[in-house]
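What the coordinates show
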Amino acid sequence: ANLYLNNLFWGITGTLKWNVGFADLTAIAAHRETDLDYVGSVAASYYGEFGEAHQDSFEARLASNGTGPLQWLAGIFTLRDVGNIMQDSEQGTGLSVSKVSFTNKTYAAFGNLTYALLNNFRVAASARVNKDDKENDSPRYTIANYPFTTQAIGSQPGVNASQYVGNIDKSDAFNSVTWKGGFEYDVADNSLAYANVGTGFKAGGFGFGPPGGTEFQ
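The text that follows walks through the structure, step by step, so that each part is easy to find.

Thresholds, definitions, all that
- Residues numbered from 1 in each chain as written.
- Predicted model: local features only at pLDDT ≥ 70, side-chain atom pairs only at ≥ 80, totals over all residues.
- Heavy atoms only, no water.
- Helix = DSSP H or I, 4+ residues; strand = E, 2+ residues; numbered from the N terminus.
- Rg over C-alpha atoms; globule rule 2.2 N^0.38 Å.
- Buried < 20%, exposed > 50% of the residue type's maximum accessible area, 1.4 Å probe, protein only.
- Contact = heavy atoms within 4.5 Å.
- Areas by Shrake-Rupley, 256 points an atom, 1.4 Å probe, with all protein chains shown as cover.
- Lys, Arg positive; Asp, Glu negative; His and termini not counted.
- Charge placed at Lys NZ, Arg CZ, Asp CG, Glu CD.
- Patch = residues over 30% accessible without salt bridge, like charges linked within 9 Å, V, L, I, M, F, W, Y side chains within 5 Å.
- Salt bridge = Lys/Arg side-chain N within 4 Å of Asp/Glu carboxyl O.
- Phe/Tyr/Trp six-rings, centres within 6.5 Å; stacked < 30°, edge-to-face > 60°.
- Core = buried A, V, L, I, M, F, W, Y, C linked by side-chain atoms within 4.5 Å.

Another aspect to go through is the overall build of the protein chain. Across its full length, the protein chain carries 0 helices and 11 strands. Starting at the N terminus, the α and β elements of the protein chain follow one another as β-β-β-β-β-β-β-β-β-β-β. Radius of gyration (C-alpha) of the protein chain: 24 Å, far over the 17 Å computed for a compact globule of 217 residues. In terms of overall dimensions, the protein chain has a C-alpha envelope of 75 × 35 × 30 Å along the principal axes. Looking at the protein chain as a whole, 28% of its 217 residues are labelled buried. For the protein chain, long-range pairs separated by at least 24 residues make up 62% of all intrachain contacts whose partners lie at least 6 apart in sequence. Just so you have it, the protein chain exposes about 13,200 Å², and 56% of that area is on carbon and sulfur atoms. Distance between charge centroids for the protein chain: 5 Å, based on 14 positive and 21 negative side chains.

Encoded structure:
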């Protein structure tokens, strides 16, 4: 159950479309803000998050606008995600405190080709090159014998070196090339048959094991 919930989320996005003659240009920019402030409990076990994060993204793509059998699309994408969040959770009689600080950046380029072999039969191929840079600095502390019944976890006193458990202070880069190929067949005016095969990728990350346990990446 939520003891209180005072989160704030907002964002703004803008799209520009422009005919540049040989192709159509689309540019999309977005910004999102997250402000976390909540405390909950499950079976008398308290948890909460406090802090903020923001995210900025930009995408630009060119797409063919002709009527020939070959249609194409090419574009770029970038994303930056930054956050500073305190995560609190009850661990037995103690309070586990994690100060999560992260910066994630993504850069990508992508393209797609579609060719009509017949008026109602098309083959397509696409590819994406992706680079993810991740940084994390997140020390964890445990406040022993925390007075849960008399003091809110969102107003705990500052932690000190004697309560230190461990830290995730890491950075890494994750690179990938993914692709997809397939075909489309117009069976009738309102019916389409298609088949695709492709690859996927998800960047890794960093995380703690159990409190006081081994650190995993």
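Further notes follow.
This next bit is on a nonpolar patch on the surface. Where nonpolar side chains cluster on the molecular surface, the patch consists of Leu70, Leu113, Tyr115, Leu117, Leu118, Val123, Phe183, Tyr185 and Val187 and spans about 800 Å² of accessible area. The element contributing the most residues to the nonpolar patch is strand β6 (residues 94–118), with 4 residues. Secondary-structure assignment places Tyr185 in strand β8 (residues 164–188).

Another point: the side chain of Thr114. Take Thr114: it is sitting in strand β6. Not counting chain neighbours up to four residues away, the residues in contact with Thr114 comprise Pro69, Leu70, Gln71, Arg122, Val123 and Ala124.

Turning to the environment of Ala108, a few remarks are in order. Turning to its location among the elements, Ala108 is positioned in strand β6. Taking the relative accessible area as the measure of exposure, Ala108 reaches 8% and is therefore buried. Residues Ala108 and Ile12, spaced 96 residues apart in sequence, show a C-alpha to C-alpha distance of 22 Å. When sequence neighbours within four positions are dropped, the list of residues in contact with Ala108 reads Gly75, Ile76, Phe77, Arg128, Val129 and Asn130.

For the coordinates displayed, the defined rule picks out 4 salt bridges. Of the charged contacts, one joins Glu59 and Arg61 as a salt bridge, the two residues approaching to 2.7 Å between their closest N and O atoms. Given the relative accessible area of 19%, Glu59 is considered buried. Linking Lys131 and Asp133 is a salt bridge whose minimum nitrogen-to-oxygen distance equals 3.2 Å. Here the salt bridges share partners, and the residues they tie into one network are Arg122, Glu184 and Asp186.

Moving on, we get to the environment of Gly182. The residue Gly182 is located in strand β8 in this model. For Gly182, the contacting residues outside a window of four places in its chain are Arg122, Val123, Ala124, Ala195 and Asn196.

To continue, consider the packing of aromatic side chains. Scanning the entire structure with this criterion turns up 5 aromatic pairs. Where Tyr38 meets Tyr47, the ring centres are 6.3 Å apart and the plane angle is 70 degrees; that geometry is what we call edge-to-face. Pairwise contacts between aromatic rings join Phe121, Phe183 and Tyr185 into one cluster.

Right, let's get into the nonpolar core. Val39, Phe50, Leu95, Val97, Ile143, Tyr146, Phe148 and Ile153 form the largest nonpolar core, which has 8 residues in total. Those residues in contact with Phe148 that lie beyond four places of it in its chain are Tyr46, Glu90, Gly92, Thr93, Gly94, Leu95 and Ile153.

Looking now at unusual backbone geometry. One non-glycine residue, Asn145, lies in positive phi territory at about 50 degrees. Relative to the elements of secondary structure, Asn145 occurs in the loop between β7 (121–143) and β8. Of the residues examined, Asn145 reaches a relative accessible area of 61% and is grouped as exposed.

On their own, these measurements won't tell you what the molecule is for.
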